[in-house]
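# Per-entry structural report
Residues per chain, in single letters:
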Amino acid sequence: MGKVGREVVEKAGIDVDKLLKMLVKAASAEFTTYYYYTLLRAHATGTEGESIKEIIEDARLEDKLHFETLVPRILELGGDLPRDIREFADMAACKDAYLPKEETVKNLLNVLVEAERCAIRVYTEICNYTFGKDHRTYDVSLAILHEEIEHEAWFEELLTGKPSGHFRRRTPGEGPYTQKFRHIG
């Protein structure tokens, strides 16, 4: 934990314990979404399903990177993650992105777009809470928000047929906005 880093945030008017709860819930949502997107991708079958697997994979890998981007900030502020994975999963800020009973591509896309919409709300709330007061958490959350907005647009494009401006990432799960926060391979 960074003593002065936390102190500065508190002096700026942030309730660090409240912020840590928000960040841990967001990290839990990213972790569980990564898991559920793994299932959704595997069940995107047939010719139509194959056409969306690559986009699900980009969002899935970027959600894993979002989790890995949040954890250092949680620790810097003196927080931690629960030691029990079940407890951690249950505190997610977003509902689970369950595989739909009827596994049509349209139903898969509806689950995916709703998961991204929840993430957009979560990071907008964190950005609004930290704006002008906790520059580092704001910067991290804004970078993740940019990627979540793109994910929603990708899945909406596939669902509605309206263009989103989606272009293929250079590498799967690239995470262009959060890149600067990662010190992992």
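Check the entry above for the structure.
Residues numbered from 1 in each chain as written. Predicted model: local features only at pLDDT ≥ 70, side-chain atom pairs only at ≥ 80, totals over all residues. Heavy atoms only, no water.

Membership of the largest hydrophobic core comes to 32 residues, with the highest contact counts inside it found for Leu23, Leu70, Ile74, Leu77, Leu81, Tyr123 and Ile126. At the level of elements, helix H2 (16–42), helix H3 (46–76), helix H5 (105–130) and helix H6 (135–160) are the ones that each hand at least two residues to this core. No other element matches the nine residues that H2 contributes to this core. For Ile74, the residues in contact, after removing those within four places along its chain, are Leu20, Leu23, Val24, Ala27, Gly79, Asp80 and Leu81. (Core = buried A, V, L, I, M, F, W, Y, C linked by side-chain atoms within 4.5 Å. Buried < 20%, exposed > 50% of the residue type's maximum accessible area, 1.4 Å probe, protein only. Helix = DSSP H or I, 4+ residues; strand = E, 2+ residues; numbered from the N terminus. Contact = heavy atoms within 4.5 Å.)

Once that is clear, we can look at the state of the cysteines. For the coordinates displayed, the defined rule picks out one disulfide. Put simply, Cys94 and Cys118 are joined by a disulfide, and their sulfur atoms are 2.1 Å apart. Here Cys94 and Cys118 share a disulfide; its torsion about the S-S bond, -95°, makes the bridge left-handed. Here Cys94 is found in the loop between helix H4 (85–90) and H5, whereas its partner Cys118 is found in helix H5, with 24 residues between them in sequence. By relative accessible area, Cys94 is classed as buried at 11%. Cys94 supplies the cysteine sulfur nearest to Cys127, a cysteine that is in no disulfide, at a spacing of 14 Å. Classification of Cys127 by relative accessible area gives buried; the value is 5%. (Disulfide = S-S within 2.5 Å.)

Function cannot be inferred from these measures alone, as they are strictly geometric.
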